[in-house]
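Listed below, chain by chain, are the residues.
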Amino acid sequence: MRRVVEAAGGIVWRWKTGSEIAENPAIAAQKSPKEQLNNIEVCIVHRPKYDDWSWPKGKLEQGESHRHAAVREIGEETGVSIALGPYLCEVEYPLSEEGKKTRHSHDRTVDTKHTLYWMAQPISGDDAEHLLDAFGPVHRADVGEINDIVWVSVREARKILTHSTDKDTLAIFVDRVQEGAATAQNLLIVRHAKAESRKSWKGTDANRPITPKGAAAAFALNRELACYNPTRLATSPWLRCQETLQVLSWQTERPMEHIDALTEDAFAEHPTIAWLAFLKQIQLTLETRETTAICMHRPVIGGMFDHLRGLCALKAAHRQNAVHAYRHRRSAVYNRYAARSQHYRHSKGFTHCLLTCITVPARLFQAVPPVSPTLDRRARPARGNSTR
C-alpha cells in the first residue's frame, strides 16, 4: 500500500545585514521588488546524510499540523525563532528520490514525501519567549542531521541549492516578493469556537459561552495562531469570542482589545460601520507592523469577506464564495486578497473553530474605495440582548 510522508518547512528570509532596509525596514515599501530582492538573504541548511543544501523542513509529528511542523522544524534546524508569512507551495516526490538532485518523477504508486512550504521571518527573542507556552518547546537538531547553515542572497541560493524542487520553490518565493509579500503583514481572522446552542441557553446571546468541545478546539487553535506570532489580539466583546482567545492572551501575556462594532447585533444594524472598524484593524496592522488576530462571529466574517473579495488581486477570486473557507482544511483556498490567504480548521470533529490568515500588502489602502458610515438600509433585527 502506498505511503505518504507528510512534511513542512519554509524559506526563512531577512533583510541583508548592514543594508539600508535592515536599518530601517519602514523604507522597504518605497523600494521596487527588484531592489527588495537584492536586499534579501535566505537561509539554507546542509544535511550531512545526503551531503545536500536545502530549505529547512521536516516530518510532521503525530497529530501535528503542517504549520506547526514548519515552525518547529525550522527552529530545530536553524536555531532561529520564526513566524510564518504567506504560503508558498506544496512539493511531492518519491521517497526513493530523497537526496537526489532531480525530483521530477510523477509515479503516484510509490511511497511519497509531501511537503508544504511557507515564507518565514525571524522574530525577536522577546517575542519567542512570549510564544513559548502557546507554541511549545523547540529543540535544536543534532549535528548529524544539520551541520551547517548559511545566509545567502537569492541569486547565490539558486547556485547553492542541490535539488530542482527547492529551486522551483525559490522561484515561487521570488513571485511572492514581486507581489508585495516582503512588505505585507499577516491578519488572522478567527471564528469563535463552538458555543452553547441558542435554544438551550437561557441567558442573553451576548453572554452565551463556548462548550467544553469548543474550549478544547480553542486551546488547540492556540498552537496554530502562535505560528504567526500575533502580538495584537482583538475580539468582539461577546463572551464566546473572548473565551476563544482568552487562553492565548494569558499564555502570551498579550491583552485583548474589544471592538463593539464587530458583535452580531452591531453588524446586523450597521454592517458598514462594522466594515470600517475591521478596516481600521487592517490599517493598524500595517502601521504597527504587528500581526493581528481578530475573533468574530460567522455572519460578521461573511460580511467582511464580501468587502475583501473586492480587493482580490485576481478577479477570478471574486467569484469564490466565502462558504469555501468553512469547507476546506488546506491552505490557499482563496487565491489572493492582493497577496494570499490561508485557512485552518481543527480536525477530529472540532469543526467550529476557524483560522483564516490573510496577507495584507502595504499598498492595500490605495485600492480601498471610500465608504461613508451612514445608516445601512439592509439593517436586520438585533438579537444580542434576547433571552432565548
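The rules we used
Residues numbered from 1 in each chain as written. Predicted model: local features only at pLDDT ≥ 70, side-chain atom pairs only at ≥ 80, totals over all residues. Heavy atoms only, no water. Salt bridge = Lys/Arg side-chain N within 4 Å of Asp/Glu carboxyl O. Helix = DSSP H or I, 4+ residues; strand = E, 2+ residues; numbered from the N terminus. Buried < 20%, exposed > 50% of the residue type's maximum accessible area, 1.4 Å probe, protein only. Pairing = 2+ DSSP bridges. Phe/Tyr/Trp six-rings, centres within 6.5 Å; stacked < 30°, edge-to-face > 60°. Lys NZ or Arg CZ within 6 Å of the ring centre and 35° of its normal. 1 Å grid on protein atoms, 1.4 Å probe; cavity = no way out; pocket = protein on both sides within 12 Å on 5 of 7 lines; lining within 4 Å. Points joined across faces, edges and corners; volume = space filled by probe spheres on them. Expected span 1.5 Å × (residues − 1). Core = buried A, V, L, I, M, F, W, Y, C linked by side-chain atoms within 4.5 Å. Patch = residues over 30% accessible without salt bridge, like charges linked within 9 Å, V, L, I, M, F, W, Y side chains within 5 Å. Areas by Shrake-Rupley, 256 points an atom, 1.4 Å probe, with all protein chains shown as cover. Lys, Arg positive; Asp, Glu negative; His and termini not counted. Charge placed at Lys NZ, Arg CZ, Asp CG, Glu CD. Contact = heavy atoms within 4.5 Å. Axes fitted to C-alpha atoms, helices over the stretch in contact; angles between N-to-C directions. Parallel < 35°, antiparallel > 145°, perpendicular 65-115°, else oblique. Left-handed = near helix turned anticlockwise from the far one by under 90°. Nonpolar A, V, L, I, M, F, W, Y, C, P; charged D, E, K, R; others polar.

## Some thoughts on the pattern of salt bridges
Phase 1: Under the defined criterion, the tally for this structure stands at 16 salt bridges.
Phase 2: Across the pair Arg 198 and Glu 264 runs a salt bridge, and its minimum N-O distance is 3.0 Å. With Arg 198 in the loop between β8 (185-191) and α7 (212-226) and Glu 264 in helix α9 (residues 264-269), this residue pair connects regions lying 66 residues apart in the sequence.
Phase 3: Residue classification places Glu 264 among the buried residues on the basis of a relative accessible area of 7%.
Phase 4: Linked through salt bridges whose partners overlap, the residues forming this network are Glu 61, Glu 64, Arg 72, Glu 73 and Glu 76.

## Some points on the pairing of strand β1 (residues 4-15)
Phase 1: In terms of residue burial, β1 counts as a mostly covered element, since nine of its twelve residues are buried.
Phase 2: Where β1 lies against strand β6 (residues 112-122), nine bridges are found, and the strand directions are parallel. Of the residues in β6, the one forming a bridge with Gly 9 is Tyr 117.

## Observations concerning the packing of aromatic side chains
Phase 1: According to the stated counting rule, one finds three aromatic pairs in the structure shown.
Phase 2: Consider the rings of Tyr 87 and Trp 118, whose centres lie 5.5 Å apart with planes at 75 degrees: the pair is edge-to-face. Of this pair, Tyr 87 sits in strand β5 (residues 82-94) while Trp 118 sits in strand β6, and the two are 31 residues apart along the sequence.
Phase 3: Classification of Tyr 87 as buried rests on a relative accessible area of 9%.
Phase 4: One cation-aromatic arrangement involves Arg 14 over Trp 151; the distance from NZ or CZ to the ring centre is 4.0 Å.

## As for unusual backbone geometry
Phase 1: Located in the positive-phi region is Glu 253, a residue other than glycine, with phi close to 60 degrees.
Phase 2: Position of Glu 253 among the secondary structure elements: in the loop between α8 (239-252) and β10 (256-258).
Phase 3: Looking at Glu 253, the relative accessible area reads 61%, which means it is exposed.
Phase 4: The phi dihedral of Arg 289 is positive, around 60 degrees, even though this residue is not glycine.
Phase 5: Looking at where Arg 289 falls in the secondary structure, it is placed in the loop between α10 (271-288) and β11 (292-296).
Phase 6: Residue Arg 289 is classed as partly exposed on the basis of its relative accessible area of 40%.

## Re the layout of surface pockets
Phase 1: Considering only enclosed or pocket space, the largest pocket measures out at about 800 Å³ in volume.
Phase 2: Along the wall of the largest pocket there are 34 residues; nearest its centre are Gln 121, Ala 182, Ala 184, Gln 185 and Arg 289.
Phase 3: Broken down by secondary-structure element, the contributors of at least two residues to the lining of the largest pocket are β1, β5, β6 and β8.

## Digging into α10
Owing to its 3.6 residues per turn, the α-helix aligns residues three or four sequence positions apart on the same side.
Phase 1: Taking 1.5 Å of rise per residue, the 18 residues of α10 would be expected to cover 26 Å, and the 26 Å separating its terminal C-alpha atoms lies within 8% of that figure.
Phase 2: Positive backbone phi, at 60 degrees, marks Arg 289, one or two positions downstream of α10.

## Some thoughts on the nonpolar core
Phase 1: Formed by 34 residues in total, the largest nonpolar core has its most connected members in Ile 82, Leu 84, Trp 118, Leu 188, Leu 225, Tyr 228 and Leu 355.
Phase 2: Core analysis: the next-biggest nonpolar cluster, separate from the first, contains 27 residues, Leu 37, Ile 40, Val 152 and Leu 170 among them.

## Quick word on a positive patch on the surface
Phase 1: Among the surface-exposed residues, Lys 34, Arg 155, Arg 158 and Lys 159 lie close enough to one another that they form a single positively charged patch.
Phase 2: Looking at the positive patch element by element, the count peaks at three residues for helix α5 (residues 154-160).
Phase 3: Within the fold, Arg 158 resides in helix α5.
Phase 4: Overall, Arg 158 belongs to the partly exposed group, its relative accessible area being 43%.

## Concerning the side chain of Lys 113
Phase 1: Structurally, Lys 113 is set in strand β6.
Phase 2: Other than its neighbours up to four places away in sequence, Lys 113 contacts Val 5, Ala 7, Lys 57, Val 91, Glu 92, Tyr 93, Leu 95 and Glu 98.

## Observations regarding a nonpolar patch on the surface
Phase 1: A cluster of nonpolar side chains, Phe 219, Val 247 and Trp 250, forms an exposed patch at the surface whose accessible area comes to about 360 Å².
Phase 2: Summarising the element assignment, Trp 250 is placed in helix α8.

## Thoughts on the packing of α7 against α8
Phase 1: Relative to each other, α7 and α8 sit at 55 degrees, their axes nearing to 8 Å. The orientation of α7 with respect to α8, classified from their angle, is oblique. Of the two elements, α7 crosses α8, and the hand of that crossing is right-handed. Residues Ala 218, Phe 219, Asn 222 and Leu 225 of α7 form the contact with α8, whose own contacting residues are Thr 244, Leu 245, Val 247, Leu 248 and Gln 251.
Phase 2: Classifying every residue of the contact of α7 with α8 by side-chain character gives six nonpolar, three polar and no charged.

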